[in-house]
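The primary structure of each chain is shown beneath.
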Amino acid sequence: MTGPLAPTPTLELLRAAAELCGPAAQRLFAVLAQDYPASLERRPGQLLRAADASAADLDGLLAAAGVASTDDLRQLAAREVGLRLAEPDLRFTSREPQSEPRERSALRRMITAEEGNLRRTLADLQANGALEVAAAALLRARRRWVLGDLKSAGYASLLTSDLTSSMRDVFLVQPATGAAVNAISDAHADDALVVFSFRNYSRLTVDVAREFHALGASVIALTDSYTSPVCSFASHVLAVDTRSESPHHSPTAVAAAAHVLAALAAAGAKGAARRSRRRAELFRSLGSYGLGRPASGATAGTLGDVGADPGLPGPAGDAPGT
């Protein structure tokens, strides 16, 4: 495509929506209009970075314009101008089973609900660029802190383990007032905090996010809604679908989103592969891998012997991600 085309009804609709939504939406519109409709072939994360905007800003602009997603916007623009626009990312697809019982069991309903949560969450986070931008914030940070309270403490521990395998200076904040005070006291404006916050929302999590935000640090919130209390202090919001057939919120999409976030950060981290290999070698030499079998070349009474020293300490967040 050689250059931008004349304004179209959709572009004018986006312009009007941007005027209603404020400065961030206006910056997004300027980036979209610069080489529209070719701009829609860029990844949403690229658009957000170019406009210094957030995924919530993009979602708000599209909603004000009456468009469901960037995919729908691209298809609408392609029809208007009579051109084929390339998709920036692969779509997530799912196939229904060849045959389905007339009455679904509780187990099937649960599995279907979890599949839906996972599919919707990952598709939405890909479409609005939130994962890509949040991973970039983790990479830029001097130190990375992770906090989850109540049920979310498990998510925080998993993410800390994944992040620690590929980068340095990752700290799991225990969900207690003393540990939170220590973390806030040591935090710096160049740091990043990842928090998990789901109904019923933990006051401690929100308070810690507020203090990191006041310091100027980046706060990345994995939460169930753009209206959750922690969003007021978050630089990046990863909205996760947690609907469930059970009385408790679903962890499926939460764990998946956190894993993808860590994988994206690792992909951009210098020396991540070397650090991961070195950690695996050390865990093997310390007998942490290979239950009941000493490391290759090790003899009884050495560190390679699994039973040599069962009391070896292991710092929080540094356990192998087995």
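Calculation criteria
Residues numbered from 1 in each chain as written. Predicted model: local features only at pLDDT ≥ 70, side-chain atom pairs only at ≥ 80, totals over all residues. Heavy atoms only, no water. Salt bridge = Lys/Arg side-chain N within 4 Å of Asp/Glu carboxyl O. Helix = DSSP H or I, 4+ residues; strand = E, 2+ residues; numbered from the N terminus. Buried < 20%, exposed > 50% of the residue type's maximum accessible area, 1.4 Å probe, protein only. Axes fitted to C-alpha atoms, helices over the stretch in contact; angles between N-to-C directions. Parallel < 35°, antiparallel > 145°, perpendicular 65-115°, else oblique. Contact = heavy atoms within 4.5 Å. Nonpolar A, V, L, I, M, F, W, Y, C, P; charged D, E, K, R; others polar. Phe/Tyr/Trp six-rings, centres within 6.5 Å; stacked < 30°, edge-to-face > 60°. Expected span 1.5 Å × (residues − 1). Pairing = 2+ DSSP bridges.

Draft legend 1. Structural detail: the pattern of salt bridges. As enumerated under the stated definition, the model contains eleven salt bridges in all. The residue R143 makes a salt bridge to D191 at a minimum N-O spacing of 3.3 Å. Of this pair, R143 sits in the loop between helix 7 (130-140) and strand 1 (144-148) while D191 sits in the loop between helix 9 (177-186) and strand 3 (192-197), and the two are 48 residues apart along the sequence. Here R143 falls in the buried class, since its relative accessible area comes to 18%. For R243, the salt bridge goes to D241, with nearest N and O atoms at 2.7 Å. A relative accessible area of 54% means that R243 is categorised as exposed.

Draft legend 2. The arrangement of the packing of helix 1 (residues 9-21) against helix 5 (residues 70-81) in detail. Axis separation between helix 1 and helix 5 bottoms out at 9 Å; the angle between their running directions is 135 degrees. The angle between helix 1 and helix 5 places the two elements in the oblique class. Two secondary-structure elements touch here, helix 1 through P9, T10 and L14 and helix 5 through L73, L76 and E80. A class-by-class count of the residues in the contact of helix 1 with helix 5 yields four nonpolar, one polar and one charged.

Draft legend 3. Layout of the packing of aromatic side chains. By the definition in use, this model includes four aromatic pairs. Taken together, a centroid distance of 5.0 Å and an interplanar angle of 35 degrees make the contact between W145 and F171 tilted. Here W145 is found in strand 1, whereas its partner F171 is found in strand 2 (residues 170-173), with 26 residues between them in sequence. Given the relative accessible area of 32%, F171 is considered partly exposed. Here the aromatic rings of Y155 and F198 are separated by 6.0 Å at their centres, their planes lie at 80 degrees, and the arrangement is edge-to-face. Taken together, the residues span a long stretch of sequence, with Y155 in helix 8 (residues 152-164) and F198 in the loop between strand 3 and helix 10 (203-215) at a distance of 43 residues.

Draft legend 4. Layout of helix 11 (residues 252-268). Over its 17 residues, helix 11 extends 25 Å from the first C-alpha to the last, a length consistent with the 24 Å expected when each residue adds 1.5 Å. Listing the buried residues of helix 11 in full gives A253, V254, A256, A257, A258, L261, A262 and A265.

Draft legend 5. Region of the structure containing unusual backbone geometry. For the bond from Y36 to P37, the omega torsion is 5 degrees, close enough to zero to count as cis. Here the bond from R199 into N200 is cis, since omega is -10 degrees, no more than 30 degrees from zero. In this structure, N200 sits in the loop between strand 3 and helix 10. At L150, a residue that is not glycine, the phi angle is positive and equals roughly 55 degrees. Within the element layout of this structure, L150 appears in the loop between strand 1 and helix 8. Under the relative-accessibility criterion, L150 is labelled exposed at 60%. A positive phi is found at D169, a non-glycine position, where the angle reads about 55 degrees. Its place among the elements puts D169 in the loop between helix 8 and strand 2.

Draft legend 6. Seen up close, the environment of M110. Inspection of the secondary structure puts M110 in helix 6 (residues 106-128). Taking the C-alpha atoms as reference, M110 lies 7.4 Å from S244; in sequence the two are 134 residues apart. Once you skip the residues sitting within four places of it in the chain, M110 turns out to touch S244, E245 and S246.

Draft legend 7. Main features of the sheet that holds strand 5 (residues 236-239). In space, the five strands of this open sheet follow the order 2-1-3-4-5, with parallel pairing throughout. Strand pairing shows two members of the sheet lacking a second neighbour, strand 2 and strand 5, which therefore form its edges. Geometrically, the sheet is characterised by an average inter-axis angle of 15 degrees between neighbouring strands, direction not taken into account. Here six bridges tie strand 3 to strand 4 (residues 218-223), and the two strands are oriented parallel to one another. Of the residues in strand 4, the one forming a bridge with V195 is A221. In this fold helix 7 packs onto strand 1, strand 3, strand 4 and strand 5, with an angle of close to 135 degrees to the strand it touches most, strand 5.

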